[in-house]
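One-letter residues, chain by chain:
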Amino acid sequence: RQQVFVLGGKNIFENLAIEEWLLHQLGRRFDAPALLLYTNPPCVVIGRMQNPYKEANLSYLRARNIKLARRRSGGGTVYQDDGNLNYSFVQSRDMLDKQANARIIADALRLGFGAPSSVTARGDVLLDGRKTSGCAQRITGSRSYHHGTLLVDSDLGQLWRCISSPASTRMNASGTASVRSPVANLCEFAPTATKMDVMHAVALRFLAERESEIQGDNKDQIGSPSEEHPWSEVRADHIEPDFFSAEVGELASSGWRFGASFKFEHVVRLNLSSLGCSAQLCLNVGRGMVLVSGSRCAIEGDNSNSSDSTSLSAILEATLREDGIRYSGSDIAKALQRAADSHPRWRSALEEAAEQISSCITDPWEEQLE
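Residues numbered from 1 in each chain as written. Predicted model: local features only at pLDDT ≥ 70, side-chain atom pairs only at ≥ 80, totals over all residues. Heavy atoms only, no water.

### Concerning the nonpolar core
Logical step 1: By size, the foremost hydrophobic cluster in this structure holds 50 residues, and its most contacted members are Val 44, Leu 61, Leu 68, Leu 316, Tyr 327, Ile 332 and Leu 350.
Logical step 2: Broken down by element, this core gets its largest block of residues, six residues, from helix H10 (residues 329-342).
Logical step 3: Apart from the residues within four sequence positions on either side, Leu 61 is in contact with Val 44, Ala 56, Ile 66, Leu 68, Cys 162 and Trp 365.
Logical step 4: Core analysis: the next-biggest nonpolar cluster, separate from the first, contains 31 residues, Phe 113, Cys 135, Leu 150 and Val 152 among them. (Core = buried A, V, L, I, M, F, W, Y, C linked by side-chain atoms within 4.5 Å. Buried < 20%, exposed > 50% of the residue type's maximum accessible area, 1.4 Å probe, protein only. Helix = DSSP H or I, 4+ residues; strand = E, 2+ residues; numbered from the N terminus. Contact = heavy atoms within 4.5 Å.)

Pasting the structure below:
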């Protein structure tokens, strides 16, 4: 029979790891479609094929200890907080139907709260024409999950601040770009609805909708529903420790969150007042490193054709092409400071460049796991 699972934990990396574990239990510990519901504290989650520097305001996140995660599914960037409900339909590849799953969410909102819900061709759920639920999917072998966010009472102001990167217009990145859409909270249409109310409505709609479908046998029950709620809680201690530790460790690593991005170019403009000109640095970046090939510099302004400018441009290009420079403001600034120490004549300009670089490129950071 179909089951509904709820995660009680509040760690984005652990919750993503449990979702991945459930995916791999399909066909082993349960056969029928399952629904997973959970909530995360404030965080930004980017898709598998996305660039965090282009999709998120990293300096804002880091200053406020808002976590950044990269999930294993595709799709666009989402902001999550305690006012958002995450759902995930875990089912066989053959049964994957984004439209049908989205209709379960839309029907729960319409029938449970009188909200004017509708479903788009791509499986998003709208309230009065504005997005309240976006979705993505992951398919591996014969298994799949289709998951999404559901805005119940999220902080929409913070949502836009978190996913508005100040560097996005100066980057040329491949991969998936997010499509920004007007959004709406359910509380705008159902002011008294709580997140628990929504969880119940979605869970019961899922169970009712799947009642007539082919039901599999539970091979090894994962938790058990209580009399109060129609769901079972899944905890970290239900999971094989080795899998859980490895999955959480990778998801929280800077190598996965930042370094897994496709190659991209970031154009940085520097004001070199000591020379009365500006410089445009084009950083070619791949796997979290400034690439030796493709990174270049151009001096602009009235003095751009002087011998001083030509010499400075050559020094900047040579510095960018040093091997082993991480794409981080502090690492690039250190390389420029080394160049300043080696070229005293250009010290002032190179130190200006180092200071501006360090402030406009946010360093990758490791997330602390509680």
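### A short note on the pairing of strand S11 (residues 143-151)
Logical step 1: Most of S11 sits out of view: nine of its nine residues are buried.
Logical step 2: With nine bridges joining them, strand S6 (residues 84-92) and S11 adopt antiparallel strand pairing. Each bridged residue has a counterpart across the sheet, and for Val 90 the counterpart in S11 is Tyr 145.
Logical step 3: Of the strand pairs in this sheet, strand S10 (residues 135-140) and S11 are connected by six bridges, and their pairing is antiparallel. (Pairing = 2+ DSSP bridges.)

### Some details on the sheet that holds strand S2 (residues 34-38)
Logical step 1: Spatial strand order, S10-S11-S6-S2-S1-S13: six strands in an open sheet with mixed pairing. Across the chains shown, the open sheet's two edge strands, defined by having one partner strand only, are S10 and strand S13 (232-234). Strand-to-strand twist across the sheet, computed as the mean angle between neighbouring axes with direction ignored, equals 25°.
Logical step 2: In this structure, strand S1 (residues 3-7) lies alongside S13, joined through three bridges in parallel fashion. Residue pairing in the sheet places Leu 7 in a bridge with Val 234 of S13.
Logical step 3: Along the sheet, helix H1 (residues 12-25) makes contact with S1, S2, S6, S10, S11 and S13, crossing S11 at roughly 145°. (Axes fitted to C-alpha atoms, helices over the stretch in contact; angles between N-to-C directions.)

### Remarks on the packing of aromatic side chains
Logical step 1: Counting across every chain of the model gives eight aromatic pairs.
Logical step 2: An angle of 65° between the planes, with centres 5.7 Å apart, marks the rings of Tyr 87 and Phe 89 as edge-to-face.
Logical step 3: Taking the relative accessible area as the measure of exposure, Phe 89 reaches 1% and is therefore buried.
Logical step 4: Note on Phe 264 and Tyr 327: the rings are 5.3 Å apart at their centroids and 85° apart in plane angle, and the pair reads as edge-to-face. Placement of the pair is Phe 264 in strand S14 (residues 264-272) and Tyr 327 in the loop between helix H9 (307-320) and H10, with a sequence separation of 63 residues.
Logical step 5: Taken together through their ring pairs, the aromatic side chains of Tyr 53, Phe 258, Phe 264, Tyr 327 and Trp 365 make up a single cluster.
Logical step 6: Between the NZ or CZ atom of Arg 72 and the centre of the ring of Trp 256, over which it lies, the distance is 4.7 Å. (Phe/Tyr/Trp six-rings, centres within 6.5 Å; stacked < 30°, edge-to-face > 60°. Lys NZ or Arg CZ within 6 Å of the ring centre and 35° of its normal.)

### A closer look at the sheet that holds strand S8 (residues 125-127)
Through backbone hydrogen bonds, the strands of a sheet pair up, either in parallel or in antiparallel fashion.
Logical step 1: A sheet is described by the order of its strands in space; here three strands give the open sequence S7-S8-S9, paired in antiparallel fashion. Edge positions in the sheet fall to strand S7 (117-119) and strand S9 (130-133), since each of these pairs with one other strand and no more. Looking at each pair of strands side by side, their axes are set apart by 40° on average, direction ignored.
Logical step 2: Pairing of S7 with S8, which is carried by three bridges, proceeds in the antiparallel orientation. Note on S8: the bridge partner recorded for Val 119 is Val 125.
Logical step 3: Together, S7, S8 and S9 form the strand contacts of helix H4 (residues 98-113), whose direction differs from that of S7 by roughly 175°.

### Here's the deal with H4
Logical step 1: Taking 1.5 Å per residue, 16 residues should reach 22 Å; H4 reaches 22 Å between its end C-alpha atoms and fits that length.
Logical step 2: When H4 is considered as a whole, its buried residues turn out to be Ala 100, Asn 101, Ala 102, Ile 104, Ile 105, Ala 106, Asp 107, Ala 108, Leu 109 and Phe 113.
Logical step 3: A distance of 3.2 Å separates the backbone nitrogen of Gln 99 from a side-chain oxygen at the start of H4, and that oxygen is part of Asp 97.
Logical step 4: In the segment just after H4, Gly 114 is the residue with positive phi, at about 70°. (Expected span 1.5 Å × (residues − 1). Polar contact = N/O pair within 3.5 Å; in protein donor to acceptor, adjacent residues only side chain to side chain.)

### A short note on the pattern of salt bridges
Logical step 1: The full count for this structure, using the stated rule, is 18 salt bridges.
Logical step 2: Between Asp 124 and Lys 131 there is a salt bridge whose closest N-O contact spans 3.6 Å. As far as burial versus exposure is concerned, Asp 124 and Lys 131 are alike and both buried.
Logical step 3: The closest approach of N and O atoms between Glu 317 and Arg 321, which form a salt bridge, is 3.8 Å.
Logical step 4: Several salt bridges converge on common partners, so that one network encompasses Asp 107, Arg 110, Arg 205 and Glu 209. (Salt bridge = Lys/Arg side-chain N within 4 Å of Asp/Glu carboxyl O.)

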